[in-house]
Protein chains: 2
Amino acid sequence: MCASQNHNPGHRQAVLLINCYTSCLTHHFNFDMPRLFLLIIIVSTLIQPGFAQSPQADPQRLEHRIQTLSQFGANAEGGVDRVAYSQADLDGREYIIGLMRDAGLTVRIDAGGNIIGQRHGTDADAKPIMFGSHTDSVPGGGNYDGPVGVVTALEVIELLNDAAHTTRHPLQVIDFSNEEGGLVGSLALTGKLRASALDVVSHSGLTIYDGTKAIGGNLDNRNDDQIAPGDIEAFIELHIEQGAILDNSNTDIGVVQGIVGIGWWDVTLTGVANHAGTTPMNLRDDAMLAAAELTLAVNQAATSRPGGQVATVGRIQAFPGAPNVIPGRVEISLEIRDLEQAVIDAVYADIEQRAIEISELSGVAIEFAPIDVASHPAPIDPRMRDIIANAADQLGLSYQRMPSGAGHDAQDMVSIAPTGMIFVPSRGGLSHTPQEFTSTRDMANGANVLLHTILAIDQGALDQ
Amino acid sequence: MCASQNHNPGHRQAVLLINCYTSCLTHHFNFDMPRLFLLIIIVSTLIQPGFAQSPQADPQRLEHRIQTLSQFGANAEGGVDRVAYSQADLDGREYIIGLMRDAGLTVRIDAGGNIIGQRHGTDADAKPIMFGSHTDSVPGGGNYDGPVGVVTALEVIELLNDAAHTTRHPLQVIDFSNEEGGLVGSLALTGKLRASALDVVSHSGLTIYDGTKAIGGNLDNRNDDQIAPGDIEAFIELHIEQGAILDNSNTDIGVVQGIVGIGWWDVTLTGVANHAGTTPMNLRDDAMLAAAELTLAVNQAATSRPGGQVATVGRIQAFPGAPNVIPGRVEISLEIRDLEQAVIDAVYADIEQRAIEISELSGVAIEFAPIDVASHPAPIDPRMRDIIANAADQLGLSYQRMPSGAGHDAQDMVSIAPTGMIFVPSRGGLSHTPQEFTSTRDMANGANVLLHTILAIDQGALDQ
C-alpha cells in the first residue's frame, strides 16, 4: 500500500510520494482513472501524516528570484519598465535562461522569441507537459504580473531536481515573448499571429518583427516552429489574479474556469455644440448628457443579470471640450467581458437598446463601431480545473473557481492542448502598477499546486 | 399738438418727430416723466399715421458695412479670425474709425484701446449717451457677434445726420477693445481691469498690455482715462442674441433683463483605477460612473426648478483613459449661469448635496474647486428695459424680455451708468462659428430700436 512508503525522512519523501502516485495509478488498481485519482487524494490526505512534509516550494528562493528579476528595468516607483524587446527585457530573459541552464534544462529560443527550457522524461513517446508565463511588463508595471508564473515553473524543476525525480513526460518551462504587447509569443507558437501584427510598433520602439529578432527569434520561420494540436500533453499557466476576489475572500488559490472574451466598441454620440450660456436647457442636444446616461446604462446592463460579466467605459472625450460650450460630440469606449460569448452579446444588446431610447429622448445620435482587438472566450478544460482543484485540496489550501478577467497566453494555448490556469492572490487586486504585490507565501502555495498538478498529469490524470 | 407736425414729407419727418418728443416733454405738460413718456407713445402709435415713416435704418448700408467688415480677417469657412490686436483687428478698427470720421464724429482711442467717436450735443451740461459694442472676434468666429452693435450705432449717427438733428446730450459711439479676450476695453474703461490681466497672452500672441499699445491705447494710463459712475447719461449695447430664443419664437427684439452671472468649478472625482477585466462590478470605485451620475445631477438641478438658469458639463477627462482600465480619476467642468446669484447658489447647493450622496454610494470622492473667472449677475436698469420695450412697441416690433446668457461689455458698464441691452435674432442660435447669421432686416429693426431708445433718453426718459 502506497501510504506506508511515505514515512521515510528527508527529500526522499518527494521521490516516494511521486513513486506512490505512479505505482498506484499504473499497477495496483484496476479502477477507471478519475476514480483512481480521487482515491489517491483521499487516501493521501486522510491517512498519510507525512504528506505535509511532501516537497515544498522554497519561499526564499522564489522571493529572491522575483526580487532579482525586479532589478531589470526597475523604475523609481518600485515597479519595472521591462517592455518587450527593451534592454531590460533582454537582461531579464538572460537571467531566466541562466536559471534554466543552472537547473539542467536544455534551452532554446523559438521562432516567436519564446524561451523554452526542456527537462527530459523517462518515456520517449510521452508528449511534453508545458508550463510557464512571461517576464515582460507593461510600461510602469509591477514585479509580479508574469514573473510569478515563470519563477514558480522553475521552482517545480528545482523541486524535482532536489527529489532526483524524472517524470515520465518531458517538461517544458516557457517564458513567452511580448505578452503585454498582444500575446505575441503564444500567438506565434500556436500559429495564430497575423501578418499585420508584424509591423506594429511596440513600446520598445521596435516593430514586433524586429523586436522578435532582437530577442533571438525570427518570425519568418514561425510556420515551421509551431505547436500543433495534440503535440503537447498539457499546458499550465500560473499567474497573479490581477483582481481582488482571492484577496478579499482570503482564498489561497484561484482555479480558472476560463479566460473571458472581450468585446470592444468605439461609441460616438453626436448632438449639437452650442453656447452654454445662451442655449436654454430645453433647446439643447447635449452629447455629454447622453453619454452620461449611456455610461449608467452600460453599468446597468452588466449588473442587472446574475453572473460575472463586466462592462466598462474607460475612455471619454468631449468636443470641443470647453466649460462654456455644450458638447456637440462625445466619444467613449465600451468594453464587455465574459466567459460566454452569448452573455457578451446579450449585455451589448441591452446597451444598444438603451442607446436607442436615450437617442430618441435626447436628440443625440449614438453609433457603435466594433473594434477588431476583441477576443473570444477561452474556456478551460474541465479536467484541468478538477486536477488543479484537487491539487489545492491535497495541499490543504483553500481555492475558488473563477474566471480570468484578463487575457493570458493560456487563451491561445487552449486551442492546441488541455490548458489549465492557476491564480494566486493580488493584494488589493492591483495590477499593472508598481503597487502590484503577491506575498512570498502565496507564491509558494502556487508553486506547490503547480507541482502537484504537473505530477498528476504526468501520472495520467488526463488519460481517460 | 405734436401729432399734427408729423405730416410733412421727406427727411424733415425725422426732425419733426424728434422735435415733437422734445417739445412735448419739456414744455407742454406738467406730468411726471414716465407717465408723460407713456402718453407720447400711446398718442404717437394711435393717432400718428406718419410715425411709420419716421427715420428708418438703411438696410443696404448696414449690410454693406457688415460685409465690408467681414473681409478683415476673413477665413475660408466664411467667418473671420479677427482676434484682438491682430492685423485683421487693426484693419477692422481702421475701417470703423474711417466711418466715424466720415459721419463727422470726433474720434479718439482711450487708454484701454477703445475707439470712441463723439458727436456734440446742444446742451453743454448734458452728459454723453454712449452706445456701441466690439469688432474683434474669437478665433474661427462669425461676422455678427460684435459688429452688428457697432454698425447699428453708426447707423443711428447717420440717421441723425440725415435728419440734421442735434441731440441735447453728446453721443458717443464706442468700439470696445478685445471683448472676446476678456472684456478688456470695458474693464479698463470702468476701472476694473486687474493688473494680473496685463500679462495674459492673447490669441494674437501679444500680451494684453502690448496688444493694447499696438492698437493705440496705453494701459499705463488707464487710471486717468476712466468713466466714473455718473459721468455718462446712459450706455446701450445692441448685440446678436447668440441663442435661439428669438429665432425659435419669431420675435424681432430681445429686451435684456440682465447679464447672467457665471459660476465655474473644476470637479475632481477620485476612485480607484483598476483592471477592467479582473475587477468585478461590485468591487469597483469607478470614477467614470460617479461622473456620469453627477452630470445627470447637474442637469437635474438646473431643470427641476422654474426659471432660465442653465448648468453645463462641457469638459471631461478620465485617467488613465484606456478602454480596459476603470478610471481612477475623472475631472469635469461645471458651469452655472443665472440672472440671480441666489439661484446660482441654490443650483450649486443642489449639485453639492447630490455629490455627497453619489460619493457615499460609489466610494468615489468628489471635490469642487471654484474658478476665479466667475462673474456676478449684472441686472439691467428696469427703466432702460422699459425704454427699449417701448421703443420696440412704437416701431410695431415684437419683443421679448430675456436674460443674456453670454457675457458682454454691458456687464461692466452697469456699475457706472444706467445700461440697456438690445438683442436681435441669431439664426438657429449659432454663434462663435462662421455659421453665425443675423438678417439685414433684423439688423435694421435693431438699429431703429436703438435710435428710438437714444432719443427717448436724450429727451429725458431717465430723469425721474
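One numbering rule holds for all chains: residues counted from 1, following each sequence as written. Key to labels: chains lettered from A, ligands numbered from 1, both in the order written. Residue-level local features of this predicted model are given only where pLDDT is at least 70; pairs of side-chain atoms are given and counted only at 80 or more, and the full residue set underlies all totals for whole chains, interfaces and linings. Values reported for side chains reflect all heavy atoms of the structure, with hydrogen atoms and water molecules removed beforehand.

## Digging into the overall build of chain A
Phase 1 of the analysis: Here a strand is any run of E in DSSP of at least two residues, a helix any run of H or I of at least four, and the numbering for each starts at the N terminus. Summing up its helical and strand segments, chain A has 13 helices and 16 strands in all.
Phase 2 of the analysis: The buried share of chain A, reckoned over its 464 residues, is 60%.
Phase 3 of the analysis: Should any heavy atoms of two residues lie within 4.5 Å, those residues are counted as being in contact. Here the contacts in chain A between residues at least 6 apart in sequence split such that 79% fall between residues at least 24 apart.
Phase 4 of the analysis: Accessible surface for chain A amounts to roughly 17200 Å². Of this, 51% is attributable to carbon and sulfur atoms. Categorising residues by exposure relies on relative accessible area from a 1.4 Å probe, with only protein chains included: less than 20% of the type maximum marks a residue as buried, more than 50% marks it as exposed, and the intermediate range marks it as partly exposed. Here, Shrake-Rupley sampling with a 1.4 Å probe gives the accessible areas, and only protein chains in the shown set may cover a residue.

## A few points about the packing of helix α9 (residues 287-303) of chain B against helix α10 (residues 341-362) of chain B
Residue and element names in this part refer to chain B.
Phase 1 of the analysis: It is the contact of α9 with α10, at a shortest axis distance of 9 Å, that shows an interaxial angle of 155 degrees. Judged by the angle between their axes, α9 and α10 are roughly antiparallel. Where α9 crosses over α10, the two elements pack in a sense that is right-handed. From α9, Ala290, Glu293, Leu294, Ala297, Val298, Ala301 and Ala302 reach across to α10, where they touch Val347, Asp350, Ile351, Arg354, Ala355, Ile358 and Ser362.
Phase 2 of the analysis: Three categories are distinguished: nonpolar for Ala, Val, Leu, Ile, Met, Phe, Trp, Tyr, Cys and Pro, charged for Asp, Glu, Lys and Arg, and polar for the others, with Gly belonging to the last. Counted by class, the contact of α9 with α10 contains ten nonpolar, one polar and three charged residues. Where helices are involved, their axes are fitted lines through C-alpha atoms of the stretch in contact, as for all axes, and angles between N-to-C directions lie from 0 to 180°. For classification purposes, an angle smaller than 35 degrees is called roughly parallel, one larger than 145 roughly antiparallel, one from 65 to 115 roughly perpendicular, and anything else oblique. In this scheme, a crossing is called left-handed if the near helix is turned counterclockwise away from the far one by less than a right angle; it is called right-handed if the turn is clockwise.

## With respect to the nonpolar core
Phase 1 of the analysis: Counting 76 residues, the largest nonpolar core has B:Met130, B:Phe131, B:Ile236, B:Val449 and B:Leu450 as the members making the most contacts within it.
Phase 2 of the analysis: Excluding residues that lie within four positions of it along the chain, B:Ile236 makes contacts with B:Ile129, B:Met130, B:Phe131, B:Gly132, B:Met384, B:Gly420, B:Ile422, B:Leu450, B:Thr453, B:Ile454 and B:Ile457.
Phase 3 of the analysis: Take the buried Ala, Val, Leu, Ile, Met, Phe, Trp, Tyr and Cys residues and link them wherever side-chain atoms come within 4.5 Å; each set so joined is a nonpolar core. In this structure, A:Ile157, A:Ile240, A:Leu246 and A:Ala447 belong to the second largest nonpolar core, which totals 75 residues.

## Topic: the relation of the copies chain B and chain A
Phase 1 of the analysis: Between chain B and chain A, which share one sequence, the superposing operator has a rotation angle of 179 degrees and an axial displacement of 0.1 Å; the RMSD is 0.2 Å. With respect to symmetry, the two chain copies, as superposed, fit the operation of a two-fold axis. Within chain B, the C-alpha atom positioned nearest to the axis of rotation is that of B:Ala292, 2.2 Å from it.
Phase 2 of the analysis: Both copies share a contact surface, since 98% of the interface residues of chain B are interface residues in chain A too. Least-squares superposition of the copies uses the C-alpha atoms of those residues scoring a pLDDT of at least 70 in each of them.

## With respect to the pattern of salt bridges
All names here are of chain A.
Phase 1 of the analysis: Here, a salt bridge means any Lys or Arg side-chain nitrogen found within 4 Å of an Asp or Glu carboxyl oxygen. Applying the stated rule across the entire model yields 28 salt bridges over all chains.
Phase 2 of the analysis: Salt-bridge contacts for glutamate 158 lead to arginine 65; the nearest nitrogen and oxygen are separated by 2.8 Å. Taken together, the residues glutamate 158 in helix α5 (residues 147-162) and arginine 65 in helix α3 (residues 59-69) connect sequence positions 93 residues apart. Each member of the pair glutamate 158 and arginine 65 is classed as buried.
Phase 3 of the analysis: Across the salt bridge formed by aspartate 381 and arginine 383, the nearest N and O atoms sit 2.9 Å from each other.
Phase 4 of the analysis: Its relative accessible area of 19% is what places aspartate 381 among the buried residues.
Phase 5 of the analysis: When salt bridges with common partners are traced through the structure, they connect Arg61, Glu155 and Asp162 into a single cluster.

## Describing the packing of helix α3 (residues 59-70) of chain B against helix α5 (residues 147-162) of chain B
All names here are of chain B.
Phase 1 of the analysis: Their axes nearest at 10 Å, the elements α3 and α5 cross at an angle of 140 degrees. Regarding the angle of α3 to α5, the classification is oblique. In the packing of α3 onto α5, the handedness of the crossing is right-handed. The segment α3 lies against α5, with Arg61, Leu62, Arg65, Ile66 and Leu69 engaging Pro147, Val148, Val151, Thr152, Leu154, Glu155, Glu158, Leu159 and Asp162.

## Regarding the interface of chain B and chain A
Phase 1 of the analysis: Of the residues lining the interface, 50 residues belong to chain B; the matching set on chain A comes to 50 residues.
Phase 2 of the analysis: Note: buried area is the sum, over both parts, of the accessible area (probe 1.4 Å) each one loses when the two are combined. Summing the contributions of chain B and of chain A, the shared interface buries around 4000 Å²; its carbon and sulfur component is 67%.
Phase 3 of the analysis: A per-residue breakdown of the area chain B buries against chain A is headed by B:Thr278, B:Met281 and B:Pro323, which together make up 16% of the total.
Phase 4 of the analysis: Polar contact is the term for a pair of N or O atoms within 3.5 Å; when the atoms are in protein, one must be able to donate a hydrogen and the other to accept it, and sequence-neighboring residues count only if both atoms are side-chain atoms. For the pair chain B and chain A, the number of links is six residue pairs in polar contact (both at pLDDT 80 or more).
Phase 5 of the analysis: Counting only elements with at least two residues in the side of chain B that touches chain A, the list comes to α8 (245-249), β8 (274-275), α9, β9 (310-312), β10 (316-319), β11 (325-326) and β12 (329-338) of chain B.
Phase 6 of the analysis: Residues of the side of chain B that touches chain A, tallied by class, amount to 24 nonpolar, 20 polar and six charged.

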